[in-house]
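Geometric and topological summary
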Amino acid sequence: MDHRPERTAPFQRAGIPLRALLLALVVAVVPVAALAASNGQGNSQGNAAASVKGITVTLSPSSRTVDQGQSATFTVSATSTGGFTGPVTFTVTGLPAGAAASAAPSSVNLTSGSTAQTTLTVSTATTTPANKTDFTVKGTSGATVSNAAPGQLQVLEVKRTFGVTGTVNGLLAPGISRAVDLQISNPQNKSIAVTDLSVVISQVVRTPAAVAANLPCTTADYQVTQYSGAYPLTVEPGTRSLSGLGVAQAKWPQIKMLDTNKLQDGCKGATLQLTYTGTGQAN
């Protein structure tokens, strides 16, 4: 009988074969390493994104429609991103001619992650072109500038019907000028802004005697100087004259009979027919 001691397989412990032990270690180690690599990459990207500080601006509503001379309001919202903190002021670019923008309050203070609002008022003039115009709003804090929030302003042309007549103060004679006090009749129930007035001599009517004697007199014997006062003229409902509106007589339209070398007997007693025109808009 062989009494040699029984040999155990090398590196075999507790009845587990070496090959099985190595496989178990590989399976256990690989997922842990892969997970660590994945977690490290994700944290790096997240920290980079979070470190970018900035301002995001939005406009509400994005579009407004107003009459010429009227104002429109918008709400501007500024939001802190990436932990930005500080005061923010606003600028508006792209508005049409005659329009202006103002913010109330003029600046807002942002804390990390917060949103603040201001009211943006865009005013137009009676001369602002009737059109659709795109503009942008930005928020600024030092070197930090927000996105350009888009907006649109549509300005509508508004005209009102009114009448114009005139009274010439005194008679004309060669070399003499006479002022014309214009009367503006506003039939509307609200005031109008008159932005243009003009006077032309449409016809010269000679006396029968001048016609029979074939004595000439034409518009070339006269000169018209247009109204030179300030615009717009605000005219309340009813009839208002230039004198009643406080316009100096020197600013009224003027009609002058020229003193020429030719015979002007045909202009004696002649009647001038005047045509008045004007433009007015709602206030």
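**Topic: the overall build of the protein**
Assigned secondary structure in the protein consists of two helices and 18 strands. Out of the 283 residues in the protein, the part that is buried amounts to 29%. For the protein, the share of sequence-separated contacts (at least 6 apart) that also reach a separation of at least 24 residues comes to 71%. Element-wise, carbon and sulfur atoms account for 54% of the exposed surface of the protein, whose accessible area totals about 16600 Å².

**Observations regarding the sheet that holds strand β5 (residues 100–104)**
Spatially, four strands are ordered β1-β3-β7-β5 in an open sheet, and the strand pairing comes out antiparallel. Each edge of the open sheet is held by one strand with a lone partner, namely β1 (54–60) and β5. Neighbour to neighbour, the strand axes of the sheet diverge by 30° on average, direction disregarded. In this sheet, strand β7 (residues 115–123) lies alongside β5 in antiparallel orientation, the contact comprising five bridges. Its bridge partner being in β7, Ser-102 is matched across the sheet by Thr-121.

**Considerations on the packing of aromatic side chains**
When we look at a pair of aromatic rings, we describe it by the centre distance and by the angle of the planes. Scanning all chains against the criterion turns up two aromatic pairs. For the ring pair Phe-74 and Phe-135, a centre distance of 5.6 Å and an interplane angle of 75° mean the geometry is edge-to-face. Of this pair, Phe-74 sits in strand β3 (residues 71–81) while Phe-135 is found in strand β8 (residues 132–141), placing the two residues 61 residues apart along the sequence. What makes Phe-74 buried here is its relative accessible area of 1%. The buried category is assigned to Phe-135, whose relative accessible area is 2%.

**Structural notes on unusual backbone geometry**
Look at the link from Ser-60 to Pro-61: it is a cis peptide, with omega at -10°. Among the structural elements, Pro-61 can be located in the loop between β1 and β2 (63–67). Put simply, Tyr-231 and Pro-232 share a cis peptide bond, and its omega is -5°. By the secondary structure assignment, Pro-232 is in the loop between β14 (222–225) and β15 (233–235).

**Description of the pairing of strand β4 (residues 86–93)**
Where β4 and strand β6 (residues 107–110) come together, four bridges link them in antiparallel fashion. Opposite Val-88, over in β6, you have Val-108 as the bridge partner. Where β4 lies against β8, five bridges are found, and the strand directions are antiparallel. If you follow Phe-90 over to β8, its bridge partner there is Gly-139.

**Structural notes on the nonpolar core**
Leu-182, Val-194 and Leu-233 are the most contacted members of the largest nonpolar core, which totals 25 residues. Of all the secondary structure elements, the ones that give two or more residues to this core are β12 (177–186), β13 (192–205), β15, β17 (254–257) and β18 (271–282). Tallying contributions element by element places β13 first for this core, with six residues. Apart from residues lying up to four places away in sequence, Leu-233 is in contact with Ile-184, Ile-192, Ala-193, Val-194, Leu-197, Tyr-227, Leu-242, Leu-245 and Val-247. In this structure, Val-57, Phe-74, Leu-120 and Val-137 belong to the second largest nonpolar core, which totals 22 residues.

**Structural notes on the confidence of the model for the protein**
Per-chain confidence: the protein averages 86 in pLDDT, with 81% of residues scoring 70 or above. In this model, residues 8–14 is a region of pLDDT below 50 whose contacts with residues beyond four sequence positions or in other chains number one contact. Note that residues 20–40 has pLDDT below 50 and, in this model, two contacts with residues that lie over four places away or in other chains.

**Some points on the side chain of Gln-68**
Take Gln-68: it is sitting in the loop between β2 and β3. Taking the relative accessible area as the measure of exposure, Gln-68 reaches 6% and is therefore buried. A polar atom in the side chain of Gln-68 sits 2.8 Å from the backbone oxygen of Thr-128.

**Quick look at the side chain of Thr-118**
Looking at the element boundaries, Thr-118 is found in strand β7. Separated by 3.1 Å, the side chain of Thr-118 and the backbone oxygen of Ala-104 make a polar contact. Among the polar contacts listed, one links the side chain of Thr-118 to the backbone oxygen of Pro-105, at a separation of 2.6 Å. When near neighbours in sequence (up to four residues on either side) are disregarded, Thr-118 contacts Phe-74, Thr-75, Val-76, Phe-90, Ala-103, Ala-104, Pro-105 and Val-108.

Analysis parameters
- Residues numbered from 1 in each chain as written.
- Predicted model: local features only at pLDDT ≥ 70, side-chain atom pairs only at ≥ 80, totals over all residues.
- Heavy atoms only, no water.
- Helix = DSSP H or I, 4+ residues; strand = E, 2+ residues; numbered from the N terminus.
- Buried < 20%, exposed > 50% of the residue type's maximum accessible area, 1.4 Å probe, protein only.
- Contact = heavy atoms within 4.5 Å.
- Areas by Shrake-Rupley, 256 points an atom, 1.4 Å probe, with all protein chains shown as cover.
- Pairing = 2+ DSSP bridges.
- Axes fitted to C-alpha atoms, helices over the stretch in contact; angles between N-to-C directions.
- Phe/Tyr/Trp six-rings, centres within 6.5 Å; stacked < 30°, edge-to-face > 60°.
- Core = buried A, V, L, I, M, F, W, Y, C linked by side-chain atoms within 4.5 Å.
- pLDDT = per-residue confidence, 0-100.
- Polar contact = N/O pair within 3.5 Å; in protein donor to acceptor, adjacent residues only side chain to side chain.

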